[in-house]
Structures are given as C-alpha cells and as structure tokens.
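Chain by chain, the residues:
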Amino acid sequence: MDIPKSKSHKPAEQHPLQAVRDKYQLTALVLQGGGALGAYQAGVYQALDEAGLQPDWIAGISIGALNAAIIAGNAPQHRVERLHEFWDTICQPPFFPAPFASPMFDNLSWPMQLQNGFSGLAAWRAMTEGQAGFFYPRIPPPFFQMKAGPANASFYDTAPLRSTLERLVDFDRINDARAMRVSVGAVNVRTGNFAYFDNTQGPLRAEHFMASGALPPGFPAVEIDGEFYWDGGMVSNTPLYKVLAERPCHDALIFQVDLWSAVGELPRDLTEVAARTKDIQFSSRTRMVTEYMRLNQENQRLMHDLMALVPAERHGELAYRRAEARASGALTNLVHLIYRNKPYEGHYKDYEFSANSMREHWRSGLADMQHTLTHPQWLNAPSPEHPFVTHDVHRHD
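Residues numbered from 1 in each chain as written. Predicted model: local features only at pLDDT ≥ 70, side-chain atom pairs only at ≥ 80, totals over all residues. Heavy atoms only, no water.

The helix and strand tally for the protein chain stands at 13 helices and 11 strands. In terms of overall dimensions, the protein chain is globule-like: its C-alpha atoms have a radius of gyration of 22 Å, near the 21 Å expected for 397 residues. With the C-alpha coordinates aligned to their principal axes, the bounding extent of the protein chain is approximately 75 × 50 × 45 Å. Within the protein chain, the fraction of its 397 residues that count as buried is 51%. Put simply, 77% of the contacts in the protein chain that link residues at least 6 apart link residues at least 24 apart. Carbon and sulfur atoms make up 58% of the accessible area of the protein chain, which amounts to about 18,600 Å² in all. Where the 36 positive side-chain charges of the protein chain centre and where its 43 negative ones centre are 2 Å apart. (Helix = DSSP H or I, 4+ residues; strand = E, 2+ residues; numbered from the N terminus. Rg over C-alpha atoms; globule rule 2.2 N^0.38 Å. Buried < 20%, exposed > 50% of the residue type's maximum accessible area, 1.4 Å probe, protein only. Contact = heavy atoms within 4.5 Å. Areas by Shrake-Rupley, 256 points an atom, 1.4 Å probe, with all protein chains shown as cover. Lys, Arg positive; Asp, Glu negative; His and termini not counted. Charge placed at Lys NZ, Arg CZ, Asp CG, Glu CD.)

Laid out in structure tokens, this is it:
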C-alpha cells in the first residue's frame, strides 16, 4: 500500500480541531534527529496538516532540521506534497534501482529474516553508493585527499543535498518570521558549543540546515560566517529545551516528535548492543528535559499566583520587580510521539534509506498522530493548578 495522499486543503473553519488550536497563543512542532527514520515525522506532519493544526514555530535538529526546511519553506497547501518529493528523492539509490522497491510489495508478508536482509542490503548500498539527492562517497576516499580541510574531512560529499534543498525550499518564505518561526541546532566545531540558527535573528540559508545534519565522520563540517559546524545531535538531539525555555509567556501547544526511544529491551548480542547504544545516545533524555521544565513552569506559575496577593503599593519594590521577571502564568500542553522500532530493523536503521522502509516510517507517523487526534481532550488547555501537562500516545496504549 502506498502512503495515503493528503486530503485537499479546506478553509480553516471546516477543520474540527482548528478551534482547539485557537485556544493557544503558540503552536510548536519539535523534530528530533534520526536520519532515515525522519520519514516518521513527515507522516506526523501530514496528520497535523489534515487536521488544520499548522505550527507557528518549528524547531529541528539533523533530519528534523531538513524536514523543518521543507515545511517552513513552502506554502501550507504544498507542504505535504514537497515532503513526499523530498523523501522520494533521497530514498533512491544513485545508480541501480532497488529490488522490490515498488509500493505494491509493501503489503506482502515477507519472512522476518528476508525483511532483515533487504533492510541490511539497503543500508549497505547507502554506505557504498550514497543516496540520490543527498550524498555520495568521496572519490578518492578521504585518506587519499591531496588537499585536506574541514570542508572535505568526511567519507561523503553532501553537495547533492544543497541542490535538493534549493530546488524544494523557498528560503524567502523561511525567512519571513512573521509567518513561522524556524530554529535549527548545530555544534560549533572549534568551540564545541551548541548553537541555534533562528530566522528571528538573521536570514537562514541552505547551509544552516545542512550544518544541523552534518554528522561526522560521514558528513563534512559546514562553514557559516567563518565558523564550521557539525550535527546538533552530538550535543543534544532534540530542540525541545530551546522551545520551552525561549517561548514567549503564552499558552502553548507543543508537538514533540522523537525518533529514538530511551526505553527499550535489554540487548542479547552485539548487534542489539549497537542498536540500543544509539537509542540511548540520541534519545537525548527527552522525558528528563520535559520533567525538569514541568517543575520549572509549576514554580513560575506558583510565583505568579503568589504575586497576585501582594498589595499594589508594594509593586514598585525591587524584590517584586525581580520576581515579576521570573514569574509566568503560561500554560503548556506537550503532545509527545516517539517512533517505535520495527522488528526487522537493525543498528543501521538511521541510514537505511530504502523506499519501502521510508513508506513504513511515514505510515507509522501518520497513524500515531491520527490516533492521538482521536483524543481531542488531550489538546485541551491545562488548568492553572496543573500548568504543564504531557500526553504520550504510546503511554496510553
């Protein structure tokens, strides 16, 4: 079965969940890094699009940053179509077509061992051949490069990705921060410091999104204004803290879409150890960050309520003004979705770019978000007594 195409856009008043969104001053979409698993986020976005839940702010790291570029860099009615085009482009081998890549093979009940073999073959081809419109191996290999430097110190060249982004993304639209705020994270190679590129602070170009996904030693560092940057996932693979810490003091509905699960099975062999290691490393402890920010916001809300008891004649005192700067009456509803591994996937799942797996990831994201939206009460604004609430579709299964 092919990926269901997005329903045609309707006027906002026809979307039954539009009224829910309008209860919040901010709707944010937060996208974690995870390579080939990022098609899951495209499916999640399709479901949000069909429900009329367009974000005001999109923040991403690595593949999440690339999905963010496609979404923010196109008009709402074209975003799902462009996501399809992006993923159809990068999930093709550069030379010879993959066997059984057609959607007609997706519903066949392949034996698990055969599915695992197809998946491993696709990952091997990505490593040896590259991916169309994304990256290709350096020839000669980096060990034999005559001219060394940070821009070519990698196994692969990502020049095709720049061309793909420039073809599918309108950067003038991205840089209109009035339409949508865009933030992508990367790491400064020289200082080791985490950096966010944000369209409210300056124009974003293709290289800002490429830098966010420049994971060494596979991909080269990307130069921006004289500094070189690597993948933001090396420090933090989720931009959730950025959104929670820097959002204005407004009620917010935040959709957090993760590609790695911190919770998993105990590994039984070295292959499973490799897979589990990646899950833990790149999950970036999202739930720990969420719990920390929940406690922080509850304290801010408590301070806000206590300040209402202070007599007006004391509002000019220094202690009151300092407390006022730290207090917040904002409410936060965080809807958390996490990609769940498929039984046939191995430790290479983040660079297994087969078209079949891509469609499976997309369908999973679409189904998870659609299932979430069948619980409209999860989108209701929190109460002042509980100013920060979290809903996780997998916790409720």
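Text resumes after the structure shown.
The biggest cluster of nonpolar side chains holds 72 residues, and the ones touching the most others in it are Trp-87, Leu-165 and Phe-209. Looking at this core, the element that brings in the most residues is helix α3 (residues 63–72), giving eight residues. What Phe-209 contacts, discounting residues up to four positions off in sequence, is Ala-65, Leu-66, Ala-69, Leu-165, Phe-171, Ile-174, Val-182, Val-184 and Leu-204. Core analysis: the second largest hydrophobic core is formed by 14 residues, Val-243, Val-289, Met-293 and Phe-388 among them. (Core = buried A, V, L, I, M, F, W, Y, C linked by side-chain atoms within 4.5 Å.)

Attention now moves to the pairing of strand β8 (residues 227–231). Along any regular strand, the residues point their side chains to alternate faces of the sheet. The sheet contact formed by strand β5 (residues 181–188) and β8 spans three bridges and is antiparallel. Its bridge partner lying in β8, Ala-186 is registered against Asp-231. Two strands pair when backbone bridges link them, and strand β7 (residues 222–224) and β8 are joined in this way by three bridges, in the antiparallel orientation. Looking across to β8, one finds that Ile-224 is bridged to Glu-227. Connecting β7 to the next strand, β8, in antiparallel fashion are two residues, including Asp-225 with a positive phi near 50°. (Pairing = 2+ DSSP bridges.)

Next up on the list: helix α13 (residues 355–373). An α-helix turns once per 3.6 residues; consequently, residues spaced three or four apart project the same way. Its 19 residues place the ends of α13 27 Å apart at the C-alpha level, agreeing with the 27 Å of an ideal helix rising 1.5 Å per residue. Within α13, 14 of the 19 residues are buried, which leaves it mostly tucked inside the rest of the structure. (Expected span 1.5 Å × (residues − 1).)

Looking now at the pattern of salt bridges. A full pass over the atoms with the stated rule returns 24 salt bridges. Note that Asp-176 and Arg-178 form a salt bridge whose closest N and O atoms lie 3.0 Å from each other. You can call Asp-176 partly exposed: its relative accessible area is 25%. Across the pair Arg-205 and Glu-207 runs a salt bridge whose closest N-O atoms are separated by 2.6 Å. Salt bridges here are not isolated pairs; linked through shared partners, they connect Arg-162, Glu-166, Arg-205, Glu-207 and Asp-225. (Salt bridge = Lys/Arg side-chain N within 4 Å of Asp/Glu carboxyl O.)

Once that is clear, we can look at the pairing of strand β1 (residues 26–31). Taking burial as the measure, the six residues of β1 include six buried ones, the bulk of the element. The pairing of β1 with strand β9 (residues 252–258) spans six bridges and is classified as parallel. In the sheet register, Leu-26 faces β9, and the bridge partner there is Ala-252. Here four bridges tie β1 to strand β2 (residues 57–61), and the two strands are oriented parallel to one another. For Leu-29, the partnering residue across the bridge sits in β2 and is Ile-58. Once you follow β1 into helix α2 (residues 39–50) and on to β2, the crossover reads as right-handed. (Right-handed = clockwise from strand over helix to strand, strands pointing away.)

Here we take up the packing of aromatic side chains. Considering all chains together, one arrives at 14 aromatic pairs under this definition. Between Phe-86 and Trp-87, the ring centres sit 5.6 Å apart and the planes meet at 85°, which makes this aromatic pair edge-to-face. Each member of the pair, Phe-86 as well as Trp-87, carries the same accessibility label: buried. With a centroid separation of 5.7 Å and 50° between ring planes, the pair formed by Phe-134 and Phe-219 is classed as tilted. Note that Phe-134 is positioned in the loop between α5 (112–129) and β3 (136–137) and Phe-219 in the loop between α8 (206–212) and β7, a separation of 85 residues in sequence. The pair formed by Phe-134 and Phe-219 is uniform in burial state, with each residue classed as buried. In this structure, Arg-181 is placed above the aromatic ring of Trp-57, and the distance from its NZ or CZ to the ring centre is 3.9 Å. (Phe/Tyr/Trp six-rings, centres within 6.5 Å; stacked < 30°, edge-to-face > 60°. Lys NZ or Arg CZ within 6 Å of the ring centre and 35° of its normal.)

This part is about the environment of Phe-171. Tracing the chain through its elements places Phe-171 in helix α7 (residues 171–174). Residue classification places Phe-171 among the buried positions, given a relative accessible area of 16%. If we skip the residues at most four places from it in the chain, Phe-171 touches Leu-165, Glu-166, Leu-204, Arg-205, Ala-206 and Phe-209.

Let's shift gears to helix α11 (residues 286–307). With 22 residues, α11 should cover 32 Å at 1.5 Å per step; its first-to-last C-alpha distance of 31 Å lies within 8% of that length. Turning to α11, its buried residues number three or more, namely Thr-286, Val-289, Thr-290, Met-293, Gln-297, Arg-301 and Met-307. The buried residues of α11 occupy one face: seen down the axis, they fall within an arc of 115°. Next to the buried residues of α11 lie α9 (240–246), β9, α10 (270–283), α12 (318–326), β10 (332–338) and β11 (388–392). (Arc of directions from axis to C-beta.)

Following the sequence through the fold, Asp-251 ends up in the loop between α9 and β9. Side-chain polar atoms of Asp-251 contact the backbone nitrogen of Leu-331, separated by 2.9 Å. Other than its neighbours up to four places away in sequence, Asp-251 contacts Tyr-24, Gln-25, Leu-26, Gly-329, Ala-330 and Leu-331. (Polar contact = N/O pair within 3.5 Å; in protein donor to acceptor, adjacent residues only side chain to side chain.)

Together, Phe-143, Phe-144 and Phe-155 line one region of the surface with nonpolar side chains, adding up to about 380 Å² of accessible area. Turning to its location among the elements, Phe-155 is positioned in the loop between β3 and β4 (156–157). Judged by its relative accessible area of 36%, Phe-155 falls in the partly exposed class. (Patch = residues over 30% accessible without salt bridge, like charges linked within 9 Å, V, L, I, M, F, W, Y side chains within 5 Å.)

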